[in-house]
Amino acid sequence: YKALDFINFLVQKNDYKVSLGLFSDNYEEIIPFTQDKYYIESILTNLKKRKIGGGTNIRLSLQESFQKILFRKKSNVKILILTDAEEQENVFDLEKPENVQIVGVVIGTKEGGMIPLRNAEGNFLGYKEYNKEKVITKVPENSLEFLKKQFPETVIVYLDKNNYPIQEVKEILDTTEGRSS
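Quick caveat: nothing in here was measured; it's all calculated off a predicted structure. (Residues numbered from 1 in each chain as written. Predicted model: local features only at pLDDT ≥ 70, side-chain atom pairs only at ≥ 80, totals over all residues. Heavy atoms only, no water.)

J.: Is there a simple way to think about helix α3 (residues 58-71) in this case?
T.: Given 3.6 residues per helical turn, the α-helix brings residues three or four places apart onto the same face. Its 14 residues give α3 an end-to-end C-alpha distance of 20 Å, which sits within 8% of 20 Å, the value for a rise of 1.5 Å per residue. Taken together, the buried positions of α3 are occupied by Ile-58, Leu-60, Ser-61, Leu-62, Ser-65, Phe-66, Lys-68 and Ile-69. Where α3 is buried, its residues contact β1 (18-23), β2 (27-34), β3 (77-83), β4 (100-107) and α4 (145-150). Downstream of α3 by one or two residues, Lys-73 has phi in the positive range, about 50°. (Helix = DSSP H or I, 4+ residues; strand = E, 2+ residues; numbered from the N terminus. Expected span 1.5 Å × (residues − 1). Buried < 20%, exposed > 50% of the residue type's maximum accessible area, 1.4 Å probe, protein only. Contact = heavy atoms within 4.5 Å.)

Here it is as structure tokens:
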């Protein structure tokens with residue numbers, strides 16, 4: 001839920017035009033481009049009731065996002081990728097449209113931690129287990145650095161229980177072509 005709360009906070013406090021897609025093994029557009037804060041909040045609230053998970057196909061999400069941006073002729077677009085950086089293909093050949101910046105928000109810690117389970121209402125149910133042992137998840141070392149190699153202007157920040165980089169991400173989103181707007 002941390003990712004959904006993060007997006008909702010950014011949207012409710014600012015006038016961003018937002019489109020939201022979920023990606024794991026496939027890509028699903030959840031919200032088309034809009035500034036309707038009530039609609040966005042409603043969709044995000046309902047998403048908390050869905051089981052979201054799977055792999056982390058960043059290539060597919062970028063490919064779909066790039067196509068959408070080119071089709072709609074958007075400019076000065078920031079693509080915000082919120083991910084646990086779980087298994088992913090970290091070398092791919094994609095051409096990024098001009099005036100697009102990628103911001104990767106990695107959720108989790110390098111030290112690792114247990115995975116909390118919640119029901120549809122968000123109530124804590126315990127921790128994820130495998131073979132009767134608690135599963136520990138860690139953010140891979142140098143997560144998303146492959147994006148910086150392919151797209152050097154990519155910015156990567158970490159979101160965990162000790163770091164909630166709302167202001168840092170807001171400043172990046174508010175920056176247009178190297179100057180603050």
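J.: How do you make sense of a nonpolar patch on the surface when you look at a structure like this?
T.: Together, Met-114, Phe-124, Tyr-127 and Ile-136 line one region of the surface with nonpolar side chains, adding up to about 380 Å² of accessible area. Here Ile-136 is to be found in strand β10 (residues 136-137). (Patch = residues over 30% accessible without salt bridge, like charges linked within 9 Å, V, L, I, M, F, W, Y side chains within 5 Å. Areas by Shrake-Rupley, 256 points an atom, 1.4 Å probe, with all protein chains shown as cover. Salt bridge = Lys/Arg side-chain N within 4 Å of Asp/Glu carboxyl O.)

J.: What am I meant to see in the environment of Asp-160 here?
T.: Secondary-structure assignment places Asp-160 in the loop between β11 (155-159) and α5 (166-174). The exposure class of Asp-160 is buried, given its relative accessible area of 15%. Placed 51 residues apart in sequence, Asp-160 and Thr-109 show a C-alpha to C-alpha distance of 6.1 Å.

J.: Sorry, what's going on with the environment of Gln-67 here?
T.: Of note, Gln-67 is situated in helix α3. For the pair Gln-67 and Pro-97, spaced 30 residues apart in the sequence, the C-alpha separation amounts to 8.9 Å.

J.: Looking at this structure, how should I read the sheet that holds β3?
T.: Whether parallel or antiparallel, the strands of a sheet pair through hydrogen bonds between backbone atoms. An order of β3-β4-β11 is seen for the three strands of this open sheet, with the pairing classed as parallel. The sheet is open, and its two edges are formed by β3 and β11, each paired on a single side. The sheet shows a mean angle of 20° between the axes of neighbouring strands, direction not considered. Two strands pair when backbone bridges link them, and β4 and β11 are joined in this way by five bridges, in the parallel orientation. Residue pairing across strands places Gly-104 opposite Ile-156, the latter belonging to β11. (Pairing = 2+ DSSP bridges. Axes fitted to C-alpha atoms, helices over the stretch in contact; angles between N-to-C directions.)

J.: Before we go on, may I ask you to explain the pairing of β3 in this structure?
T.: Looking along a regular strand, one sees the side chains alternate between the two faces of the sheet. With respect to burial, β3 is a largely interior element, five of its seven residues being buried. Bridging between β3 and β4 involves seven bridges; their strand directions are parallel. Looking at the pairing, Ile-79 lines up with Ile-102 of β4.

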